Amino acid sequence: MTKELLNKIINQFNIEGEIESITPLGEGFINDTFKVVTKHITSPNYILQRKNKNIFTNIPAMMDNIFRVTNHLKRKIEIAGGNPLRETLTIILSKSEKLFYLDEQDDYWTVCLFIENTITYDKADTPELAYMGGKGLGKFQKMLSDFKEPLTDILPGFHNIRYRFNQWEEALKDDLVGRKDAVREEIAFIDMHHDEMLTFWTLIENGDIPLRVTHNDTKISNFLFDENNNILCAIDLDTVLSSTCLNDFGDAIRSYANAGLEDDTNLDNVYLDKEIFDAYKKGYLSEAKDFLSQIEINYLDFSAKYITYEQVLRFLMDYINGDTYYKIKYSDHNLVRTRAQIKLFNTLI
């Protein structure tokens, strides 16, 4: 992507100051992300993103979700005497007063303020850091626990195990690349826990477990820390939607508390790190206990099993389908992922 094109795009937004540089930021697995630096110390810097329209098929609705959620957070932060420009994302409108700019290739671009003097982590390798990560998620959900506006479901079926089971039945029926017979043991694992997972999801469908505003990508790299290593804010809000907060907790445990890798080839490495689990849960409940119902608290531990099971299902389904969804590095990568997640599941509480 040329410098001229990036400069043209950033100048479609209501930014302050003259541009000094635009450089890639992060690895860009989903969106293309750039840091925009301005020349003068009094002008803010920015984050420019090209949103992935293949993953997110309704980007205007996605941005509307983010805008309304961050505005709610800003009001809560102001009431608490905090800094709304640092403690949540600030979306910059385009010059046509939209939440995005649509270029000639029908690509969607967005801009938000760059939050200065922050720290990010790729892994929670200490109980202290896991505690703060849990606290960050609990705080994010607590501030949004009174958000009553409807959000657009931009990821239909996300974490919905009934929807996933329908996809699963199709995958087994079609057996597109003839792999089903080689994974009978893994299929038996899916069958063994089928009813347990569907029973849990029925509690959500019936409203026994309420829907709340959730982040849906709760790895520690999506939370910013300040210079004193205190949680500052949640970032990467593309997947924010209405779901059960248990999905956020369970996905965080799957990410934080796995002693091994998601695709570890040595299954001896893969198990629940109980110390990290306990620290994360303690940090989470230090904020979330104020709004959670008793049934939500009761199902916190189970939510890690639910999310891990769902990920087993999705990896195995993609393997059977011929590796059409997840990027792979070698031919049985999805099967390796499947087996590692089964091992993790079997060590969960």
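Above: the structure in question.
What you are looking at is a predicted structure, and each value in this text was computed from that prediction instead of being measured.

Quick notes on the rules
- Residues numbered from 1 in each chain as written.
- Predicted model: local features only at pLDDT ≥ 70, side-chain atom pairs only at ≥ 80, totals over all residues.
- Heavy atoms only, no water.
- Helix = DSSP H or I, 4+ residues; strand = E, 2+ residues; numbered from the N terminus.
- Rg over C-alpha atoms; globule rule 2.2 N^0.38 Å.
- Buried < 20%, exposed > 50% of the residue type's maximum accessible area, 1.4 Å probe, protein only.
- Contact = heavy atoms within 4.5 Å.
- Lys, Arg positive; Asp, Glu negative; His and termini not counted.
- Charge placed at Lys NZ, Arg CZ, Asp CG, Glu CD.
- Salt bridge = Lys/Arg side-chain N within 4 Å of Asp/Glu carboxyl O.
- 1 Å grid on protein atoms, 1.4 Å probe; cavity = no way out; pocket = protein on both sides within 12 Å on 5 of 7 lines; lining within 4 Å.
- Points joined across faces, edges and corners; volume = space filled by probe spheres on them.
- Nonpolar A, V, L, I, M, F, W, Y, C, P; charged D, E, K, R; others polar.
- Core = buried A, V, L, I, M, F, W, Y, C linked by side-chain atoms within 4.5 Å.
- Patch = residues over 30% accessible without salt bridge, like charges linked within 9 Å, V, L, I, M, F, W, Y side chains within 5 Å.
- Areas by Shrake-Rupley, 256 points an atom, 1.4 Å probe, with all protein chains shown as cover.
- Disulfide = S-S within 2.5 Å.

### Concerning the overall build of the protein
Helix and strand content of the protein: 11 helices and 10 strands. Computed over its C-alpha atoms, the radius of gyration of the protein comes to 21 Å, within 12% of the 20 Å expected for a compact globule of 349 residues. Taken along the three principal axes of its C-alpha coordinates, the protein extends 60 × 45 × 40 Å. Counting all 349 residues of the protein, 52% fall into the buried class. Long-range contacts, defined as pairs at least 24 residues apart, comprise 71% of the intrachain contacts of the protein with a sequence gap of at least 6. Side chains of the protein carry 39 positive and 55 negative charges; the gap between the two charge centres is 2 Å.

### As for unusual backbone geometry
It is generally the case that most residues other than glycine have a negative phi and that most peptide bonds are trans. A positive phi is found at Asn-117, a non-glycine position, where the angle reads about 55°. Here Asn-117 is to be found in the loop between β6 (108-113) and α3 (127-143). For Asn-229, which is not a glycine, the phi torsion comes out positive at approximately 65°. Relative to the elements of secondary structure, Asn-229 occurs in the loop between β8 (223-225) and β9 (231-234). Its relative accessible area of 31% is what places Asn-229 among the partly exposed residues.

### What about the pattern of salt bridges?
For the coordinates displayed, the defined rule picks out 24 salt bridges. Salt-bridge contacts for Asp-238 lead to Lys-51; the nearest nitrogen and oxygen are separated by 2.8 Å. Taken as a pair, Asp-238 in the loop between β9 and β10 (241-243) and Lys-51 in the loop between β3 (46-50) and α2 (59-79) lie far apart in primary sequence, 187 residues in all. Residue Asp-238 shares its accessibility class with Lys-51, and that shared class is buried. A salt bridge links Lys-53 to Asp-107; the shortest N-O distance between them is 3.2 Å. A residue pair is termed long-range when its members are at least 10 positions apart, and Lys-53 in the loop between β3 and α2 and Asp-107 in the loop between β5 (101-102) and β6 qualify at 54 residues. A residue is classified by how much of its surface remains accessible, and Lys-53, at 33% relative accessible area, is partly exposed. Its relative accessible area of 13% is what places Asp-107 among the buried residues.

### Quick notes on empty space enclosed by the protein
The tally for this structure, following the rule as stated, stands at one cavity of 30 Å³ or more. Of the pockets and cavities examined, the largest cavity occupies roughly 100 Å³. Those elements that provide at least two residues to the lining of the largest cavity are α3 and β9. Among the residues making up the lining of the largest cavity, the classes are represented as eight nonpolar, two polar and two charged.

### Considering the side chain of Arg-164
With respect to the helices, strands and loops of the structure, Arg-164 is situated in helix α4 (residues 161-174). Judged by its relative accessible area of 8%, Arg-164 is buried. In this structure, Arg-164 is in contact with Gly-157, Phe-158, His-159, Glu-310, Leu-313, Arg-314 and Met-317, ignoring residues within four places of it in sequence.

### Overview of the layout of surface pockets
In this structure, the second largest pocket encloses a volume near 200 Å³. In terms of lining residues, the second largest pocket is bounded by 13 residues, among which Asp-153, Phe-158, Leu-241, Ser-242 and Ser-243 are the most central. Elements supplying a minimum of two residues to the lining of the second largest pocket: α6 (194-205) and β10. If you tally residues by element for the lining of the second largest pocket, the top one is β10, at three residues. Within the lining of the second largest pocket, the residues separate by chemical class into seven nonpolar, five polar and one charged.

### Points about the nonpolar core
Within the largest apolar cluster, 89 residues are counted, with the highest numbers of intra-cluster contacts made by Ile-161, Trp-168, Ile-190, Tyr-280 and Tyr-284. No other element matches the 12 residues that helix α10 (residues 300-321) contributes to this core. Setting aside residues up to four positions removed in sequence, Tyr-284 forms contacts with Gly-134, Lys-135, Leu-137, Gly-138, Gln-141, Cys-245, Phe-249, Phe-291, Leu-292 and Leu-300. Membership of the second largest hydrophobic core comes to 16 residues, among which are Ile-10, Ile-19, Trp-109 and Val-111.

### A word on a nonpolar patch on the surface
Together, Ile-30, Ile-55 and Tyr-325 make up a nonpolar patch on the protein surface, roughly 290 Å² of accessible area in all. Within the element layout of this structure, Tyr-325 appears in the loop between α10 and α11 (333-345). Assessed through its relative accessible area of 53%, Tyr-325 is described here as exposed.

### Overview of the state of the cysteines
Two cysteines joined by a covalent bond between their sulfur atoms form a disulfide. For the structure on display, the rule yields zero disulfides. Unpaired in this structure, Cys-112 has its nearest cysteine sulfur neighbour in Cys-233, at a distance of 9.6 Å. Judged by its relative accessible area of 3%, Cys-233 is buried.

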